[in-house]
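Chain and residue survey
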Amino acid sequence: MNEKTLIKGKIHYVGVNDRQKHLFEGMWPLPLGVSYNSYLIDDDIVALVDTVDACYFEIFLHKIRTIIGQRPIQYLIINHMEPDHSGSISLIKHYYPDIVIVGNRQTFGMIDGYYGVTGERYEVKEGDFLDLGHHKLRFYLTPMVHWPETMMTLDETEGVLFSGDAFGCFGTLDGGFLDTRINTDRYWDEMIRYYSNIVGKYGNPVQKAMAKLDNLPITTVCSTHGPVWTADIPRVHDVYARLSRYEAQEGVVIVYGSMYGHTEQMAETIAAELSHEGIRNIVMHNVSKSHPSYILRDIFKYRGLIIGSPTYCNQIYPEVESLLDKILLREVKGRYLGLFGSFTWAGAAVKRMGEFAEKSKFELVGDSVEMKQSMTPLTFEQCEHLARQMAARLKKDRK
Ligand SMILES: Cc1cc2nc3c(=O)[nH]c(=O)nc-3n(C[C@H](O)[C@H](O)[C@H](O)COP(=O)(O)O)c2cc1C
Ligand SMILES: [Fe+2]
Ligand SMILES: [Fe+2]
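Scoring rules and cut-offs
- Residues numbered from 1 in each chain as written.
- Chains lettered and ligands numbered in written order.
- Predicted model: local features only at pLDDT ≥ 70, side-chain atom pairs only at ≥ 80, totals over all residues.
- Heavy atoms only, no water.
- Helix = DSSP H or I, 4+ residues; strand = E, 2+ residues; numbered from the N terminus.
- Buried < 20%, exposed > 50% of the residue type's maximum accessible area, 1.4 Å probe, protein only.
- Contact = heavy atoms within 4.5 Å.
- Areas by Shrake-Rupley, 256 points an atom, 1.4 Å probe, with all protein chains shown as cover.
- Lys, Arg positive; Asp, Glu negative; His and termini not counted.
- Charge placed at Lys NZ, Arg CZ, Asp CG, Glu CD.
- Phe/Tyr/Trp six-rings, centres within 6.5 Å; stacked < 30°, edge-to-face > 60°.
- Lys NZ or Arg CZ within 6 Å of the ring centre and 35° of its normal.
- Domains from an automatic or database assignment.
- Buried area = accessible area lost by both parts, 1.4 Å probe.
- Salt bridge = Lys/Arg side-chain N within 4 Å of Asp/Glu carboxyl O.
- Polar contact = N/O pair within 3.5 Å; in protein donor to acceptor, adjacent residues only side chain to side chain.
- Nonpolar A, V, L, I, M, F, W, Y, C, P; charged D, E, K, R; others polar.
- Near = heavy atom within 4 Å.
- Pairing = 2+ DSSP bridges.
- Axes fitted to C-alpha atoms, helices over the stretch in contact; angles between N-to-C directions.
- Donors = N, O, S within 2.8 Å, 3.2 Å for Na, K, Ca; no water.
- Tetrahedral: all angles 85-135°; square planar, octahedral: opposite > 155°, others 65-115°.

**Side note on the overall build of the protein**
When its secondary structure is counted, the protein shows 12 helices and 23 strands. Looking at the protein residue by residue over its 399 residues, the buried ones come to 56%. Across the protein, contacts joining residues at least 24 apart in sequence account for 72% of those joining residues at least 6 apart. Total accessible area on the protein is roughly 17000 Å²; 51% of this is exposed by carbon and sulfur atoms. Each charge class in the protein can be summarised by its mean position, and for the 43 positive and 50 negative side chains these summaries are 2 Å apart.

**Focus: the packing of aromatic side chains**
Aromatic rings in a pair are described by how distant their centres are and how their planes are angled relative to each other. Under the definition given, this model contains 17 aromatic pairs. Plain terms: the ring middles of Tyr13 and Tyr39 are 5.8 Å apart, the flat faces sit at 75° to each other, and that makes the pair edge-to-face. Within this pair, whereas Tyr13 is found in strand 2 (residues 11–13), its partner Tyr39 is found in strand 7 (residues 39–42), the two being separated by 26 residues in sequence. Comparing Tyr13 with Tyr39, the two get one shared label, buried. Taking 5.2 Å as the distance between ring centres and 90° as the angle between the ring planes, the aromatic pair formed by Phe170 and Tyr194 counts as edge-to-face. Of the two residues, Phe170 is situated in the loop between strand 15 (160–164) and helix 5 (185–199) and Tyr194 in helix 5; the sequence distance between them amounts to 24 residues. Look at Tyr194 and you get buried, because its relative accessible area is 0%. Among the aromatic residues, those joined into a ring-pair cluster are Phe167, Tyr195, Tyr240, Tyr246 and Phe300. Directly above the ring of Trp188 sits Arg235, whose terminal nitrogen or CZ lies 3.8 Å from the centroid.

**Some details on the environment of Asn2**
Its location among the elements puts Asn2 in the segment before strand 1 (6–8). Leave out the neighbours within four places in its chain, and Asn2 touches His12, Thr66 and Ile67.

**Some details on the domain arrangement of the protein**
When its domains are assigned, the protein resolves into domain 1 (2–244) and domain 2 (249–390). If you average the C-alpha positions of domain 1 and of domain 2, the two centres end up 39 Å apart. The interface is formed by 13 residues belonging to domain 1 together with 10 residues belonging to domain 2. Buried surface at the junction of domain 1 and domain 2, summed over both partners, amounts to about 1200 Å²; 58% is from carbon and sulfur atoms. Inspection of the domain 1/domain 2 interface yields three salt bridges. Applying the counting criterion to the domain 1 and domain 2 interface returns seven residue pairs in polar contact (both at pLDDT 80 or more). Secondary structure elements with two or more residues in the side of domain 1 that touches domain 2: strand 5 (28–29) and helix 5. Counting residues per element, the side of domain 1 that touches domain 2 draws most heavily on helix 5, at six residues. In terms of residue class, the side of domain 1 that touches domain 2 is built from seven nonpolar, three polar and three charged.

**Quick look at the site of ligand 1**
Around ligand 1 lies a shell of 16 residues, among which Ser258, Thr263, Thr311, Asn314 and Ser342 are the nearest. Ser258 is positioned with one of its side-chain polar atoms (N or O) 2.5 Å from an oxygen atom of ligand 1. A distance of 2.6 Å separates an oxygen atom of ligand 1 from a polar atom in the side chain of Thr263. Considered on its own, ligand 1 offers 630 Å² of accessible surface; in the complex 85% of this is hidden by protein. Within the residue set of the shell around ligand 1, elements represented by two or more residues are helix 8 (262–276), strand 19 (302–312) and strand 21 (336–343). With three residues, strand 19 is the single largest residue contributor to the shell around ligand 1.

**A few points about the sheet that holds strand 14 (residues 151–155)**
Strands sit in the order 12-13-14-15-16 across an open sheet of five strands; the sheet is mixed. On the outer flanks of this sheet lie strand 12 (129–131) and strand 16 (220–223), each paired with one strand and no other. In this sheet, adjacent strand axes meet at a mean angle of 20° when their direction is disregarded. Looking at chain direction, strand 13 (residues 136–141) and strand 14 are connected through five bridges and run antiparallel. Note on strand 14: the bridge partner recorded for Phe139 is Thr153.

**What to know about the coordination of the iron ion (ligand 3)**
For a metal bound by four donors in a tetrahedral arrangement, the ideal donor-metal-donor angle is 109.5 degrees, while six donors in an octahedral arrangement ideally sit at 90 or 180 degrees. Binding of the iron ion (ligand 3) to the protein goes through Asp84 (OD), His85 (NE2), Asp165 (OD) and His225 (NE2), at separations of 2.1 to 2.4 Å. Coordination at the iron ion (ligand 3) is irregular, judged from the four donor atoms that bind it and the angles of 82 to 167° they form at the metal. The distance between the iron ion (ligand 3) and the iron ion (ligand 2) comes to 3.4 Å, with Asp165 serving as a donor to both metals. With His85 in helix 2 (residues 83–86) and Asp165 in the loop between strand 15 and helix 5, this pair connects stretches of sequence that are 80 residues apart. Given a relative accessible area of 0%, His85 falls into the buried group. Overall, Asp165 belongs to the buried group, its relative accessible area being 1%.

Written out as structure tokens, the structure is:
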């Protein structure tokens, strides 16, 4: 019966699916839900790697007991303290009072503050080791992927990496959890969305963590969200490597605000000309309709970014402004930026977006277009011209 939960050696999947939460971190939509993954190592010495959101504790405990019955768990390894994973620590401690919590110095500072649990602890440093019998665990500190206490645990016997949020994605695990036994199509875009929304700012720490893992014999990646990766590890590695370097493919995201449709006509004109110039990947987002979660995903995907805004009370249209803040927060790098906007009596949006261009250090491409009131043959030509300049900039990067 326990075969169904078995991953490799004596490691079992004991995570749960959340199909109830609408917004992750109160912000990011979950149309496909999300899983909180935890792993139980049923060895001579029993260890649990991370826990799950406290709402799912009963299901979690049942899964654990189905595997180990009434045997105690000796160690609880905490790779990450964000409450979607640490939320069940107090309850686990309640059911397994003698459990030894394994974490680093930063972990314990947070455990004290959040849960105030007492008892024996094993405070690990980089490279420390824990022998469970068959499985032999080594700990790697990977700060800021994506909190300061984050670490990864490698089982050196079977090459199983417990990676925390790294290599994770949105989407529940419907039936199976191993990549070789499920259709993984739906996870790839959700991986980019997860990375850009949640981890996005921490490209450098992700790079450093990946460098540490480079020469390790990893056969299986057990992240805290989404499938357990085996056959697809090279693809997952590639996605995270590219995203953490802010690498993007040829294409343009046109994102705009528009109250009465005039700025939108500028966007349409730009898009049509980009297509005419041979740019195949064009994604348009009306900020008032598309959730920023999806806009950020596409900005992480494509190198070109053209932003349009009406002037609103002498400012950038607030929904556009809020997106600009989200881009700056994530310190997105290396995009080609085009700007356009509109006004009725005194234009301000385009000028203010110029400040964003400076702050973001994006390469400003072409001549920004500012339209008074509605489209004229001149604005039409200016929008097409901007599109041609963007297309030319992108084509310069073609091999
Ligand atoms: C609440 C509000 C505030 C506005 N503030 C300004 C402004 O400060 N300066 C200006 O020139 N136009 C202002 N406008 C006019 C808009 O900029 C204009 O309607 C818009 O650029 C037209 O583009 P759209 O059809 O895409 O919405 C304002 C419009 C609204 C509804
Ligand atoms: Fe996290
Ligand atoms: Fe998480």
